[in-house]
Every structure is written in structure tokens, then in C-alpha cells.
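Here is how the chains run, residue by residue.
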Amino acid sequence: MTIATIQQQLLAAVDEADSDVAQIRTALKQAGAQLEKMFMDQAPIRELVNGRATFVDALLQSLWRRHFNTPLDIALVAVGGYGRGELHPASDIDLLILLGETDDEEIAIALSSFITLLWDIGLHVGQSVRTLQECREEAAKDITVATNLMEARFLCGNSKLVDQMLQQTGPQNMWPSDLFFKAKWQEQQQRHLKYDDTAHSLEPNVKEGPGGLRDMQMIGWVAKRHFCVPSLSGLVEHQFLTRSEYESLKKEEAHLWWVRFALHITTSRAEDRLLFDYQRTLATLFGYDDDDVELGVEKFMRRYYLAVTELQRLNEMLLQYFQETILLKNRLQPPCIINNRFQTRNGFLEVRDKQLFSQRPIIMLELFLLMTQDSSIKGVRASTIRLIREHLHLIDTRLRTNPKAKQLFLQILKQQQGVFHALRRMNRYGILAAYIPDFANIVGRMQYDLFHVYTVDTHTLFVIRNLRRFTVAKYHDEFPLCSDVIATIPKQQLLVLAALFHDIAKGRGGDHSQLGEAVAYQFCREHGLQEKDSRLVAWLVRTHLLMSMTAQRKDIEDPLVIQEFAGKMQTPERLDYLYLLTVADMRATNPKRWNSWKASLLGQLYSSTHLALTTDIDTHTRHSRQIARNKQLAMQQLQQHYDENDISAHWISMSDNYFLQNSVDGIVWQTSLLFDHAAQTSPQLHIITNDSHGGSEILVIDRDRDNLFAMTTGLLDQLGLNIVHARIETAGNGISINSFVVLEEDGSAVAGDERKDEVKQRLLQRLQESAPLTVNSAEFRSRESRHFDVETRIRFSPDESGQKIIMRILTADCPGLLAKIGLAFSKCDIRLCGAKVATIGADVDNSFFITDSNNQPLSDNRQRLLQESVLQQIQPQESVGSSQ
């Protein structure tokens, strides 16, 4: 099957169908199916994309002649992507109906009938009807219109109209090439910002994202506007691209065409986003299989990321050339000499001798050092970028073992400014992967989950960016503790090295932290770092997940937890380094999931551990003294209004952590509420914005009863509030104090009187209802999370004190989860003392601190029964794993 055959069969069917719309529609579907078969048979992608435009041309011309069988002052014009002769399976067919100056009723009637027919037969048409004057006016006002018309291609009718339109909207009459380039460059920058200025996001847009097809189209538009060349190949003739660069560009563009074509076939619509919904399907379609180390979908996405990275490199280089030629009109300022090897022109760095890199490739590293030392340097000249690309192969074992190269690389990391920007540019040009071969393994490497939203190399660079941001005075208020701590760090380059290597071993199988530790240590020693410093960097790589896991999964108000963590830190210096690395790492993993609550957890863990490491008093003794002091001071205030014995009766069932975690004022206030509640039958509810928690605390005081936790958590979930922490205390008079720290869906605290009133009224209404609790058992998961299979695992273990059992549940995130677990607790007569909630990508990792109704740890049999009940609530049809 060929495009010519498809076209012949389509036109024959259209002729046979005559005016039968259904038959024409069927013939068009058959043509599409034949094109899809050619795709599956791996026909060249350009033949397919250009071929669809070709047979659509023939179809439109045939139908046009039926409606306009006499010469009229009108033309049918292909514009946009269709004007370039590029049509993917579900792409819109952009048409311009170009009218002369006459207003002809006959034309209007025929035109209406023609457009209606196109929609009736199933073509997705984007049409505009304009006169020559309207084209001039709209193009002058809107560069998007001007760009669209610039790609106009005559199909039928009066060709002279098209020639006039192209002449009247050309650069000699509007949008001269310098203004056109400025506008399109700004347009690209704004478009990139919509995608976090990275091509390496989890669900990239093949067309609009950085490094995507639109970037290549932008280069083509500028080339056509300024050089009057019909295609990118003309840039080779004008010596803006070498032949090898042009071939590389077309190769990677073709790969994106393959992906986009497959997306349209898979979704049966003009879908340009590589969503989770389609990634696995496309990976299979392209022949990528799972293996022991890497999923097929990760291989498929890595190939995509490598393609857009190369296109980004070429895009940057060409834009730099365009800036010099179009904006500066090759009138460059005299060079500003930096040293014998480098100079700047118009603020852009360049080599003084084109043979420099071939003679001394080590100088490529010096280029990036200079950029960190001089903030006035705007970038690298395109000619020098090309030289780097051409000499990248010279960064070999001989260069990597050169002491001067090692010294240059470490100097880059030691600079006070520009470190992140230099490393990002080194990664974009391929320098990092060449200088650190292990880094090549993580370039473009994705992790198929919802936790990591960037490729490993992009995430790594964002960690470094976050670390460097702590040192900038104007950002001090963002993370004041981090900014204060990093100011005391004597060797900040060690932090940068730890960040650079913390994920270096991902994709190699095994524990990436342990494997990365060895890689980092070897690199540090080979680069002349002292043994102590090398060990510190290696330790940071090995333990870079420890602090985040401790803060999110353990009870950091427990003295024994702090004591254990302090033992692993050993010194305040190590704690400082790990705290900074942890905050930077968590923020760079998924910025949308970072919130003030996580910041407060890490800050609390850091402060408690720092105190444990810098005082002679052990953590347990210090906490015991704090508890005693809080009780004493609270009692002194409460005795002014209440009897001491009654106060003690209220406190008799309270845990030590209650008196540790609450301030004296908080204890006084809550105890007063307990006395007030004794004379009431309805629950009390209070919402407090707690800056130390980084969220809002919802305090529910009510009689201790079944399902109180489940009812509260269920309604909070329905209100769109995320529970990140819960603690339950029962006073001596049978009154329960349930404390929940919650965040809105955007990670902020509950704000505004209207919102607070809504939460309070809905909760109070629900808690006073006598109707039995029901939780919607229908499983609803977000679009993204449905594509990840999360095995439910339940694990039981004693806490550090041995007085409680920690039930840890790892399962898929879904609405109402805590309420369902609360129902299971109620059915099994379990006393819940506290909970820690952590959402990691598509799954949750929740820890519940529980006892039986007699405040004793659960027996093995009770654990088994509870496990079965929890499983029945959250996943009725699934088996579950358990370990003790």
C-alpha cells in the first residue's frame, strides 16, 4: 500500500458516492485505516505525515470543484501545519477561504454548503473566511495570524489572490524579520514557562513543551521570514547548520513525529500530551520491553527525553545565531578580552581560537568556570556551542584523569554564584555526562511513578538549585532555618557534590543509595578531597533518604526516636549537611507536593536532634523535665479556676506526648475546654492556624465513642482537606480530644472566616447526627494514579517504648481511606493514639500508633484480625501482605 494508492481509492470512492455523504465518510475512514496500517508496517514517518496532507489535498480539490465549477474571485488555501504539508491522523485541517473584494451571494451559498459537507464527512476543519484587507489587518495586529498566513499553500480557486496576500502580509509590509524574531522568541520563552522551563516533566507535551515540535517550527518560521527559505534545509545553505546538525535535527524531529502519530492513533483524537494513560501502550507499540532493571515504559520515555534534549541544544544554538544575524545584524561589538583563551562579544562568551578545543580540550571546563566568575556573561556564543558539540568526544579518560581538569571542575563547585546555571548548561551541552560517565546513565532517565515528576538528571540539578537558593539573601524568608544553617557550612561544595551524586546510581539495579555511595567516594578521592570530606559526601549519598523517611513515618515527638536518629547523625555537622540536602531534595522531587507541613516536620526533627547532639542531657531525661515543667506551669494557671484533683482526674489518661507537644497555654486552654464540655452534650470544634505546624489544627472535643475518628476523617476528606497528622487523647472523664493537622489541596492552611465556618458547621452537623456511619466503598482514584499498581501491605511492629503497636499501611491513595481504616479500628475495638500520614506519588504510607481498649499492645491474634478488617474496608477483593 502506498499514499498514491490510498489517494486513488479515496477519489474513486468519492466519485462513485456522488452526493452520498455517508459513503464519502466511509471512504475517508478507510483511507485513515490504511494509513494506520502503513504506520504499523513501519512506513517512513515523513511519508505518512506528508502523505495524509497529500490525499486530503486531493479530496478537498475534488469537493471544491463540485461547489465552485466556474471561475470566481475566491481561493481555498491550506495554512498552519496543513500549509506546511504536515497532517497527523487527528490534526485539524486549517483552511483559509480567501475572498476578493466583491461581495457575491452565490459564493456565500456555495461556501456554506462546502464547509458543511467537510464537517459532515468527518473532517476536523479549522476555517477562517477573510478578504485580502482583513488578512492584512489581522496579520498586522496578531503575530499568530501572520505566522499562520506565512505558511499559506494554494489549493484551489484564484491563485493570484494567494500571491497578493503573501506579498501584502510579507516582511516588506509588516512584521520585519527583527520584530518577528523578537516576538516569536518571547512567545517561546512564555510557552516554556508554562512547562516549568523543562522538557523532562513526567507527562510532557510533544508539541508545545520545551524541545518539542513547536520549537522546531519556530526555527522554521524565523528562517522563512528572514532568509526566505522554504524549509530548515535552507539553513545549511546559509551556514547556520552543518549537514550533521541538520541530519540530527531531522532525526529527532522524526522521532517526535512517530510519537505524535502514535498518540493520535491510540487516542483517536488530537492528543499531544504523553499522559500516563498512553505511555505504557506506546512503549509496547514501539517494542520496548521490561527487564530486571528498567521498565519498558521507562526506556520509551528515556528515548523521548534524549530526543527533546538534542532538539533543545540545537534550538538554543540557532536562536543565538539568529540573534546575532537578525537583531544585531552582524554588527557585533569589539571583543572584550578575558584571557588568552576567551573573550566576550555583546556579553556572550567565545573562544579566541577555533582550534583551541581540539588542541586543549580541557579548556572546555574553563569556559563554565568563567561563567560562574562573571555575572555579566549572558551565555555562550553559538559558534562556541558548536565547537563544544564537535569536540565533546575529546573529554575522555585521559582528560578525566588530568589534575588540571579535576581542579577546574572543583573550582566550578566552589564558586559563590552561578553554580547551578553552569552545571545545567554543562548538562545541556553533554559536558557532565562526558566528564562523569556515571552521570550519563541518569540523563533522560525517568522513574515511572507519581513521586518523581522530573527525569533523574533534571531533578539532580533542581536539588542543586534549591541548595544554592538557600545562600541568596533575598530568599532568606522562604526557608529561614535553611538559610541560617547553610551560612555556617564551611565547605558548601561538599553539599553540591552530595546533591550531584545522590541519585547517580538509579537505573543500575539494587539500592541506589549504597551504589551511589561508592561512586561518590571514588570520585571525591580521585579529585583530591581529604578522606574526611570524601567520607562525608559518601555518607550523605547513602543516607539522603533517612531524614525525610524519619520525619514523615515516625513519631518524632518520641524521645527514643530522636535518640536513635541522633545516634545515626553522630555529629551536629553531619546533621546540618543532611538537613539542607533533605529539604532541597524533597522540594525538587515534586514541588507541588512540598508544603509547609513537611517543612515543619523536618525543622522539628532537625531542632530536636541538634539539641540532643549538643547537650549532655539525654533526650528522655530532657523530655521528662519538659513534661514535668509544662504540667507544673499549666496546673498553676488552672488552679485559679478549677480544683487540683479534678484537673489531675482529667489528665490521668493523657499520654506524656500530649504534655510534650502542646505548649503550656495550649494545655491550659484545652483543659479548660474539657471542664466546659462536662456540662455539654454536643461536641466542641475549634480551628487554629498553627504556624509551627505549617497548617491548620482542627480540635474536636466530644465524648469518647465509636467511629468518632472515622466520621471526622471522612467528612474532612469530603471537604477537600488533606490530613497530614492526627493525635487522639482520652481524658479521665471519658472525653476524647481529637487533633488533626490539615492542609487545603494546594498545601496551604485553612484560611478565611467563610471557609472556616463551612468546615466547622459541616463537622458539627455530622457529629451530632445519629445516623450510622457509611463510607462510600466505590474506589475512586485520580487519572494519574490509576496507571500505577500499588500492592497493599500492612506491617505491625512495636514502637520504641514497647507500649504501643505501630500499624504501617502502604496502599493506593484514594478518597475516604482514613475513614475506612477508622471503621476497622472501631469494629476491632482498637484505641488509636496517633497517626502520621504521608502521600508519596500514587500511594500512601500511613503509620498508626494503636493499643487495645485496655491500653496494651495488640496480641498477634488481634493484629491478624485487625489486618483482615482493614483489608475488607479498603480493598474488599484483594489479598494483602503482612509482616511483623
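The structure reproduced in this document is the subject of the present report.

Criteria and thresholds
- Residues numbered from 1 in each chain as written.
- Predicted model: local features only at pLDDT ≥ 70, side-chain atom pairs only at ≥ 80, totals over all residues.
- Heavy atoms only, no water.
- Helix = DSSP H or I, 4+ residues; strand = E, 2+ residues; numbered from the N terminus.
- Buried < 20%, exposed > 50% of the residue type's maximum accessible area, 1.4 Å probe, protein only.
- Contact = heavy atoms within 4.5 Å.
- Areas by Shrake-Rupley, 256 points an atom, 1.4 Å probe, with all protein chains shown as cover.
- Pairing = 2+ DSSP bridges.
- Expected span 1.5 Å × (residues − 1).
- Axes fitted to C-alpha atoms, helices over the stretch in contact; angles between N-to-C directions.
- Parallel < 35°, antiparallel > 145°, perpendicular 65-115°, else oblique.
- Salt bridge = Lys/Arg side-chain N within 4 Å of Asp/Glu carboxyl O.
- Polar contact = N/O pair within 3.5 Å; in protein donor to acceptor, adjacent residues only side chain to side chain.
- Phe/Tyr/Trp six-rings, centres within 6.5 Å; stacked < 30°, edge-to-face > 60°.
- Disulfide = S-S within 2.5 Å.
- Left-handed = near helix turned anticlockwise from the far one by under 90°.

## Some words on the overall build of the chain
Looking only at helices and strands, the chain has 39 helices and 17 strands in total. On the principal axes, the C-alpha backbone points of the chain span a range of 105 × 75 × 50 Å. Looking at the chain residue by residue over its 884 residues, the buried ones come to 56%. Contacts in the chain between residues at least 24 apart in sequence constitute 71% of all its contacts with a sequence separation of at least 6. Carbon and sulfur atoms make up 46% of the accessible area of the chain, which amounts to about 38000 Å² in all.

## Digging into the side chain of S513
Position of S513 relative to the elements: it lies in helix α26 (residues 512–526). Overall, S513 belongs to the buried group, its relative accessible area being 5%. Residues within four places of S513 in sequence aside, it is in contact with V541, R542, H544 and L545.

## Description of the pairing of strand β10 (residues 695–703)
Counting buried positions along β10 gives 8 out of 9 residues, so the element sits mostly inside the fold. When β10 meets strand β12 (residues 735–743), the two strands line up antiparallel, connected through 8 bridges. Paired with S696 across the two strands is V742, which belongs to β12.

## What to know about helix α39 (residues 860–874)
Across its 15 residues, α39 extends 21 Å between first and last C-alpha, which sits within 8% of the 21 Å expected from 1.5 Å per residue. The set of residues buried in α39 consists of Q863, L866, Q867, S869, V870, L871, Q873 and I874.

## Some thoughts on the sheet that holds strand β6 (residues 342–345)
Pairing is mixed in the open sheet, where 4 strands are placed in the order β5-β6-β7-β8. Lying at the two open borders of the sheet, with one neighbouring strand each, are β5 (336–337) and β8 (379–380). Its contacts with the sheet place helix α16 (residues 363–373) against β6, β7 (348–351) and β8, and it is angled at close to 50° to β6.

## Regarding the sheet that holds strand β3 (residues 125–131)
The strand order across the open sheet built from 4 strands is β3-β2-β1-β4, with neighbouring strands paired in mixed fashion. Only two strands of the sheet have a single neighbouring strand rather than two, namely β3 and β4 (153–157). Neighbour-to-neighbour, the strand axes of the sheet open up by a mean angle of 25°, direction not taken into account. Relative to β3, strand β2 (residues 93–99) runs parallel, the two sharing 7 bridges. Counted as the bridge partner of I93 is V125 from β3. Across the sheet, helix α3 (residues 45–67) is in contact with β1 (74–78), β2 and β4; its angle to β4 comes to roughly 25°.

## Considering the packing of helix α28 (residues 546–553) against helix α30 (residues 572–589)
Where α28 contacts α30, the two axes come as close as 8 Å, and the packing angle between them is 75°. Accordingly, the angle class assigned to the pair α28 and α30 is roughly perpendicular. Contact residues: α28 offers M547, S548 and Q552, while α30 offers L575, L578, Y579, T582 and M586.

## Digging into the pattern of salt bridges
For the coordinates displayed, the defined rule picks out 42 salt bridges. Between R808 and D845 there is a salt bridge, and its shortest N-O distance comes to 2.7 Å. One end of the pair, R808, is in strand β14 (residues 805–812); the other, D845, is in strand β16 (residues 843–852), and 37 residues separate them in sequence. On the accessibility criterion, R808 (22% relative accessible area) is partly exposed. The exposure class assigned to D845 is buried, which follows from its relative accessible area of 2%. Three or more residues are tied together by salt bridges with common partners; here these are R191, E208, R214 and D215.

## Some thoughts on the side chain of R622
Of note, R622 is situated in helix α32 (residues 619–638). Overall, R622 belongs to the buried group, its relative accessible area being 15%. At 3.4 Å, the side chain of R622 and the side chain of T615 are in polar contact. Non-local contacts of R622, meaning those with residues more than four positions away in its chain, are made with S608, L611, A612, T615 and I617.

## Concerning the environment of M371
Along the chain, M371 falls in helix α16. When its relative accessible area of 15% is taken as the criterion, M371 is described as buried. Linking M371 and L349, residues 22 residues apart in sequence, is a C-alpha distance of 8.1 Å.

## Quick notes on the pairing of β16
By the criterion of burial, β16 is predominantly enclosed, with 9 of the 10 residues buried. Sheet topology places β14 next to β16; 8 bridges connect them, and they run antiparallel. The partner of I809 across the bridge, within β16, is N846.

## Regarding the packing of aromatic side chains
The tally for this structure, following the rule as stated, stands at 27 aromatic pairs. Look at W64 and F68: their rings are 4.1 Å apart centre to centre, the planes differ by 25°, and that puts the pair in the stacked class. Grouping residues by exposure puts W64 and F68 together as buried. Among the aromatic side chains, those forming a connected cluster through ring pairs are F181, W185, F227, F240, Y321 and F322.

## With respect to the state of the cysteines
Considering all chains together, one arrives at 0 disulfides under this definition. C156 takes part in no disulfide bond, and the closest cysteine sulfur to it belongs to C135, at a distance of 17 Å. A relative accessible area of 7% places C156 in the buried class.

## Side note on unusual backbone geometry
For residues besides glycine, phi is generally negative; the peptide bonds are generally trans as well. Even without glycine at this site, Q42 takes up a positive phi of about 65°. Mapping Q42 onto the fold places it in the loop between α2 (21–40) and α3. The phi torsion at D829 lies on the positive side, around 60°, for a residue other than glycine. Along the polypeptide, D829 turns up in the loop between α38 (817–827) and β15 (830–840).

## Some details on the environment of I93
Inspection of the secondary structure puts I93 in strand β2. Sequence separation between I93 and H124 is 31 residues; the distance between their C-alpha atoms is 6.0 Å. Residues within four places of I93 in sequence aside, it is in contact with V56, L60, Y82, L87, L123, H124, V125 and G126.

## Some thoughts on the packing of helix α23 (residues 456–469) against helix α25 (residues 492–501)
At a minimum axis separation of 8 Å, α23 and α25 run at an interaxial angle of 160°. Viewed along their axes, α23 and α25 adopt a mutual orientation that is roughly antiparallel. In the packing of α23 onto α25, the handedness of the crossing is right-handed. For the pair α23 and α25, the contacting residues are T460, V463, I464, L467 and R468 in the first and Q492, L495, V496, A499 and L500 in the second.

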